[in-house]
Amino acid sequence: MTEDATIHKSKRFSNGFLGPSKTAATNAEVPVPWSRFSAWLECVCVVTFDLELGQAIELVYPHDVKLTEKEKTSICYLSFPDSYSGCLGDTQFSFRLRQSVGRSSSWFGHEDAYNRDAPVTLQKEHAHFHGYVYFRQVKDASVKRGYFQKSLVVVSRLPFGNLFHSLLQVIAPEYFEKHEPCLETVCNEIDQWPAPVPGQTLNLPVMGVVMQVQIPPKVETSGGSPVKQPQTEPSLTAVLIDLHVIRCFQSVLIHMQMLWELMLLGEPVVVMAPSPTVSSETVLALVSAIAPLRYCGDYRPYFTIHDSEFKEYTTRTQAPPNVILGVTNPFFIKTFHCWPHIIRLGDLKMSGDLPKQVKVKKLAKLKTLDTKTGIYTAYKTFLHKDKSFIKRLLKGIQKKRPSEVQSAILRRHLLEQTESFILPLERYLESLMPPQRSMSPWKTPPQIRSFSQDEFMKTLEQAGPQLTLKGDWTGLYRRFFRSPNFDGWYRLRHREMTQKVECLHLEAICAADLLTWNKDKSEVEIVDLILKLREKLVTRKHQLPVKEELLEKLEQSIQTIISSLPEDLQTLLHRQ
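Residue numbers restart at each chain and count upward from 1, following the sequence in its written direction. It should be noted that, the model being predicted, local features are given only for residues of pLDDT at least 70 and side-chain atom pairs only at 80 or more, the latter also being counted only at that level, while totals for whole chains, interfaces and linings use all residues. No hydrogens and no water enter the side-chain calculation; it runs on all heavy atoms of the structure.

### Quick word on the overall build of the chain
Piece 1. A run of H or I in DSSP becomes a helix once it reaches four residues, and a run of E becomes a strand once it reaches two; helices and strands are each numbered from the N terminus. The helix and strand inventory of the chain stands at 19 helices and 14 strands.
Piece 2. Between two residues, a contact is recorded if the distance between any of their heavy atoms is within 4.5 Å. At a minimum sequence separation of 6, the contacts of the chain that also span at least 24 residues come to 74%.
Piece 3. Here the accessible surface of atoms and residues is derived via Shrake-Rupley with a 1.4 Å probe, and residues count as covered only by protein chains that are part of the display. Carbon and sulfur atoms make up 52% of the accessible area of the chain, which totals about 27,500 Å².

Below, the structure is given as structure tokens:
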């Protein structure tokens, strides 16, 4: 079973779903229609093939979900494998699409409680949708084309690949037999699920099956940064990472150092695969290779020529963007031959034999449609390969070590390498924080010092990455500073540090003796202080991790100060 969702069989519920349906529920029971459903999913779509229209959306549920025409078109094209894939039977894969400009959502504000507590790699998306597809293509004499072709698609802002693919394995076969009534029942069941809460084990019942999932919580260092995640059982680890990640990388294991660096630096990469399944699994495995660092470039697990960003990403008038594209159409070999890094893969087949390792080849050899597997790039790694680690993995394949164990070994190696890379940056950020003794309740909070690349480089001599890997670490950091991943990481950390300074300042105010300060001040100064404190309480109370008892003490102090003022001022302040 996948690492994020452990499925347990349970007896089928007598009425087909848990609790009352949306239509039967009262306003008191469900204050906002589909609020629980929306905490997990945006909608469920059924995409079919129409002889006159081509791919077309047959159904969207819940019915009142508003998708733009552009989003509907993108979902249609991304939900079917292209004709080159030759997918017969049932196929599962995923995609990611950009939301239309101007779309708003009441469920996913930037101060969303889930995102505040979840690791950055598992947070809800604000500008993209994830699509999880269960596609069926079987011979059917009753259909003019001779084939039944249909996709059931789960659309969500959450990057829970394993959970939603497990969900589709439960509901899709049933839907293809019973159609819309089955889908309505499933959506009503999901509308009874508990909200996704990091750190809690959640039981998610659907169609007589209970999926058990635990989303790992954000683990903070003393500086407030989610650097090191706890080592948990494989079934409870980050949902972005496939438990069988070894399957995606089996033919490129000797090049993992190069792939890790390309992801760290946010380099433009195209993954050419024989099917959407291989394409999407590989792109997601690449993105997760730098966890717990968030990949801040764009990535498309499955990309087609019909994508609305096709022209944007294939223009030759400017350098390729910082994006990872997973494609299956051989046409892209010609389109992307000017991109700096192209990975050409074959089928992902796990066997006991040692997989043939692809070679690094020159980009000039990428001109024919029958291009052989390989990594086409001129990139030279900054760090040397860890030959003993590669040997350990290859030996594990020869000895038929379980793929779950192999994946855990690979994931641990990548995690430790990323953490070692981030650690010196975190230490340097700590030095930029103002000392706690400089916090005064009577002054504005002190400023955080600016990040200096040169100053940071000097710290590497004493506090460089604690790894056995040798190489040009300085060059790698300088290149990293120009990447979208550094920009995204620094913006997030600076926001967290600013919040910590605000929190410490608020704690200093809460701990101050306001009543003593109040004695020799004028009424104007006292009223001004009360208004400022109230504003700080309102804006920060729900955003900063300040102890509740401190906030209560501050509120009591404010009320005591107000009671010492003349009645007319008391009345005025109580009205505000």
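### Some points on a positive patch on the surface
Piece 1. Together, Lys-356, Lys-359, Lys-362, Lys-365 and Lys-372 line one region of the surface with positive charge.
Piece 2. Relative accessible area decides the class of each residue, using a 1.4 Å probe on protein chains only: under 20% of the type maximum gives buried, over 50% gives exposed, and in between gives partly exposed. Classification of Lys-365 by relative accessible area gives exposed; the value is 58%. Only residues whose relative accessible area exceeds 30% and that form no salt bridge are eligible for patches; like-charged ones are grouped when within 9 Å, while nonpolar side chains (Val, Leu, Ile, Met, Phe, Trp, Tyr) are grouped when within 5 Å. In the sections that follow, a salt bridge refers to a side-chain nitrogen of Lys or Arg positioned within 4 Å of a carboxyl oxygen of Asp or Glu. For this count, His and the chain ends are skipped, Lys and Arg are scored as positive, and Asp and Glu as negative. In this description, the location of a charge corresponds to atom NZ of lysine, CZ of arginine, CG of aspartate or CD of glutamate.

### Some thoughts on unusual backbone geometry
Piece 1. Looking along the chain, the bond that leaves Tyr-61 and enters Pro-62 is cis, with omega of 0°.
Piece 2. With respect to the helices, strands and loops of the structure, Pro-62 is situated in the loop between strand S3 (54–61) and helix H2 (69–78).
Piece 3. Cis rather than trans, the peptide bond between Ala-291 and Pro-292 has omega equal to 10°.
Piece 4. Mapped onto the fold, Pro-292 is located in the loop between helix H8 (276–288) and strand S10 (298–300).
Piece 5. Even without being a glycine, Met-207 presents a positive backbone phi close to 50°.
Piece 6. Looking at the element boundaries, Met-207 is found in the loop between strand S7 (201–206) and strand S8 (209–214).
Piece 7. Despite not being glycine, Lys-400 has its phi angle at roughly 60°, a positive value.
Piece 8. On the secondary structure map, Lys-400 appears in the loop between helix H11 (387–398) and helix H12 (403–432).

### Quick notes on helix H14 (residues 473–480)
Piece 1. Those residues of H14 that sit buried are Trp-473, Gly-475, Leu-476, Tyr-477 and Phe-480.
Piece 2. In this structure, the buried residues of H14 make contact with helix H7 (256–264), H12, helix H13 (453–463) and helix H15 (484–511).

### A closer look at the sheet that holds strand S4 (residues 89–98)
Piece 1. Strand order in the open sheet formed by five strands is S3-S2-S6-S5-S4, and the pairing between neighbours is antiparallel. A strand with exactly one partner marks an edge of an open sheet, and here the two such strands are S3 and S4. For this sheet, the mean angle separating the axes of adjacent strands, direction not counted, is 25°.
Piece 2. Two strands make a pair as long as DSSP finds a minimum of two bridges between them. Sheet analysis places strand S2 (residues 43–50) next to S3, joined by seven bridges and oriented antiparallel. Bridging across to S3, Asp-50 finds its partner in Gly-54.
Piece 3. Lines fitted to C-alpha atoms define the axes, with helix axes restricted to the stretch in contact, and inter-axis angles between N-to-C directions lie between 0 and 180 degrees. Lying on the sheet, H2 is in contact with S2, S3, S4, strand S5 (128–139) and strand S6 (147–156); it crosses S4 at an angle near 145°.

### Observations concerning the confidence of the model for the chain
Piece 1. Looking at any residue, its pLDDT shows the predictor's confidence there, from 0 to 100. Averaged over all residues, the pLDDT of the chain is 81; the fraction at 70 or higher stands at 83%.
Piece 2. The secondary structure element of the chain with the lowest average pLDDT is strand S1 (residues 6–9), at 45, and the one with the highest is H7, at 96.

### A closer look at the nonpolar core
Piece 1. With 70 residues, the main nonpolar core has Phe-249, Ile-324, Leu-410 and Phe-451 as its most contacted residues.
Piece 2. Of the residues forming this core, the biggest block, nine residues, is contributed by H12.
Piece 3. Every residue in contact with Leu-410, bar those within four places of it in the chain, is listed here: Val-245, Ile-246, Phe-249, Leu-253, Met-256, Phe-389 and Leu-393.
Piece 4. We call a set of buried residues a nonpolar core when its members are Ala, Val, Leu, Ile, Met, Phe, Trp, Tyr or Cys and they connect through side-chain atoms within 4.5 Å of each other. Counting residues in hydrophobic clusters, the runner-up holds 42 residues, among them Phe-148, Leu-168, Met-207 and Met-211.

### Focus on the packing of H7 against H12
Helices that pack against each other are described as a pair by the angle of their axes relative to one another and the distance between those axes.
Piece 1. The contact between H7 and H12 brings their axes to 12 Å, and the two run at 50°. One finds that H7 runs oblique with respect to H12. In this structure, the crossing between H7 and H12 has a hand that is right-handed. Along its contact with H7, which presents Met-256, Gln-257, Trp-260 and Leu-264, the element H12 presents Leu-410, Leu-414, Gln-417, Thr-418 and Phe-421.
Piece 2. Grouping the amino acids of the contact of H7 with H12 by side-chain chemistry returns six nonpolar, three polar and no charged. When describing relative orientation, an angle under 35 degrees is termed roughly parallel and one over 145 degrees roughly antiparallel, while 65 to 115 degrees is termed roughly perpendicular and anything else oblique. For any pair of crossing helices, the crossing counts as left-handed if the nearer helix is rotated counterclockwise from the farther one by less than a right angle, and right-handed if it is rotated clockwise. Amino acids are sorted into nonpolar (Ala, Val, Leu, Ile, Met, Phe, Trp, Tyr, Cys and Pro), charged (Asp, Glu, Lys and Arg) and polar (every other residue, Gly among them).

### A few points about the packing of aromatic side chains
Piece 1. When two rings of Phe, Tyr or Trp (its six-membered ring) have centres within 6.5 Å they constitute a pair, described as stacked for plane angles under 30 degrees, edge-to-face for angles over 60, and tilted for the intermediate range. The full count for this structure, using the stated rule, is 37 aromatic pairs.
Piece 2. Aromatic pair Tyr-132 and Phe-164: ring centres 5.2 Å apart, planes at 40°, arrangement tilted. Placement of Tyr-132 in strand S5 and of Phe-164 in helix H4 (residues 161–178) is noted, with a sequence separation of 32 residues between them.
Piece 3. On the accessibility criterion, Tyr-132 (2% relative accessible area) is buried.
Piece 4. You can call Phe-164 buried: its relative accessible area is 0%.

### Structural notes on the sheet that holds strand S9 (residues 269–272)
Piece 1. Taken together, the six strands give an open sheet; going across it, the order is S10-S11-S9-S12-S14-S13, and neighbouring strands pair in mixed fashion. This sheet does not close on itself; its edge strands, each paired only once, are S10 and strand S13 (360–361).
Piece 2. Of the pairings in the sheet, the one linking S10 to strand S11 (residues 323–327) comprises three bridges and is parallel in character. Directly across from Asp-298, in S11, lies its bridge partner Val-323.
Piece 3. Packing against the sheet, H7 makes contact with S9, S11, strand S12 (341–344), S13 and strand S14 (374–377), and its axis sits at approximately 50° to S14.

### Quick look at the pattern of salt bridges
Piece 1. Taken as a whole, this structure holds 20 salt bridges when the rule is applied.
Piece 2. Here Asp-487 ties to Arg-491 by a salt bridge, and the two come within 2.9 Å at their closest N and O atoms. Of the two residues, Asp-487 and Arg-491 are both situated in helix H15; the distance of four residues between them amounts to about one turn of the helix.
Piece 3. Since its relative accessible area comes to 39%, Asp-487 is described here as partly exposed.

### So, the side chain of Thr-282
Piece 1. One can find Thr-282 in helix H8.
Piece 2. Judged by relative accessible area, which is 3%, Thr-282 ranks as buried.
Piece 3. We call two N or O atoms a polar contact when they sit within 3.5 Å, provided that within protein one can donate a hydrogen and the other can accept it, with sequence-adjacent residues counted only if both atoms are side-chain atoms. Within polar-contact distance, the side chain of Thr-282 engages the backbone oxygen of Val-278 at 2.7 Å.

### Notes on the side chain of Gln-417
Piece 1. Along the polypeptide, Gln-417 turns up in helix H12.
Piece 2. Residue Gln-417 is classed as buried on the basis of its relative accessible area, which comes to 3%.
Piece 3. In this structure the side chain of Gln-417 is engaged in a polar contact, spanning 3.1 Å, whose partner is the side chain of Gln-257.

### As for the pairing of S9
Piece 1. With burial as the criterion, each face of S9 is covered, one bearing Val-269 and Val-271 and the other bearing Val-270 and Met-272.
Piece 2. In this structure, S9 lies alongside S11, joined through four bridges in parallel fashion. Along S11, the bridge assignment pairs Val-271 with Gly-326.

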